[in-house]
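# An overview of the molecular structure
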Amino acid sequence: MDAMQQHMIDSYRAAQHGEAPPPLPGRHDWEIVREARDARRFEAVIEGRPANRRWRTALRERLTRRPPGTVGRSGSPARPGTSGPSGG
């Protein structure tokens, strides 16, 4: 039985009992995703880790093991006194 069939059965039972029908399947999915993200960020703050990184960034860092002292995709060493590719 898929989610839509279950929703139809639940709606029928709610109507028989004079109750409000349940929300449509998938209606609150994005709310759940946001709550999970917020919980992850909260746990990061509690553990003393940075909470503003995106999960893709963290995953990329884990998968691409750069040697110490390298920055960016090219792997060129960081120059002291510069904050990025533009040099300023």
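Calculation notes
Residues numbered from 1 in each chain as written. Predicted model: local features only at pLDDT ≥ 70, side-chain atom pairs only at ≥ 80, totals over all residues. Heavy atoms only, no water. Salt bridge = Lys/Arg side-chain N within 4 Å of Asp/Glu carboxyl O. Buried < 20%, exposed > 50% of the residue type's maximum accessible area, 1.4 Å probe, protein only. Helix = DSSP H or I, 4+ residues; strand = E, 2+ residues; numbered from the N terminus. Expected span 1.5 Å × (residues − 1). Polar contact = N/O pair within 3.5 Å; in protein donor to acceptor, adjacent residues only side chain to side chain. Contact = heavy atoms within 4.5 Å. pLDDT = per-residue confidence, 0-100. Patch = residues over 30% accessible without salt bridge, like charges linked within 9 Å, V, L, I, M, F, W, Y side chains within 5 Å. Areas by Shrake-Rupley, 256 points an atom, 1.4 Å probe, with all protein chains shown as cover. Lys, Arg positive; Asp, Glu negative; His and termini not counted. Charge placed at Lys NZ, Arg CZ, Asp CG, Glu CD.

What follows deals with the pattern of salt bridges. If you walk through the whole model with that rule in mind, you get two salt bridges. Taking the shortest distance from any N to any O, the salt bridge between D38 and R37 comes out at 3.9 Å. The partly exposed category is assigned to D38, whose relative accessible area is 42%. One salt bridge in this structure joins R49 and E47, with 2.9 Å as the shortest N-O distance. The partly exposed category is assigned to R49, whose relative accessible area is 44%. For E47, a relative accessible area of 56% translates into the label exposed.

Before going further, it helps to spend a moment on helix α2 (residues 29–47). With 19 residues, α2 extends 27 Å between its outermost C-alpha atoms, agreeing within 8% with the 27 Å of an ideal straight helix rising 1.5 Å per residue. Phi turns positive, to about 85°, at G48, one or two residues after α2.

Attention now goes to the side chain of H7. Tracing the backbone through its elements, the reader meets H7 in helix α1 (residues 3–17). Owing to a relative accessible area of 12%, H7 belongs among the buried residues under this scheme. At 3.2 Å, the side chain of H7 forms a polar contact with the backbone oxygen of P22. Beyond its immediate stretch of four places on either side in the chain, H7 contacts P22, P23, L24 and P25.

Turning next to the confidence of the model for the protein chain. Mean pLDDT for the protein chain: 78, with 73% of residues reaching 70 or above. When the elements of the protein chain are averaged for pLDDT, helix α3 (residues 55–63) gives the smallest value, 76, and α1 the largest, 93.

Turning next to a positive patch on the surface. Residues R40, R41, R54, R56 and R60 make up a contiguous surface patch of positive charge. As for its position among the elements, R54 is in the loop between α2 and α3. Judged by relative accessible area, which is 53%, R54 ranks as exposed.

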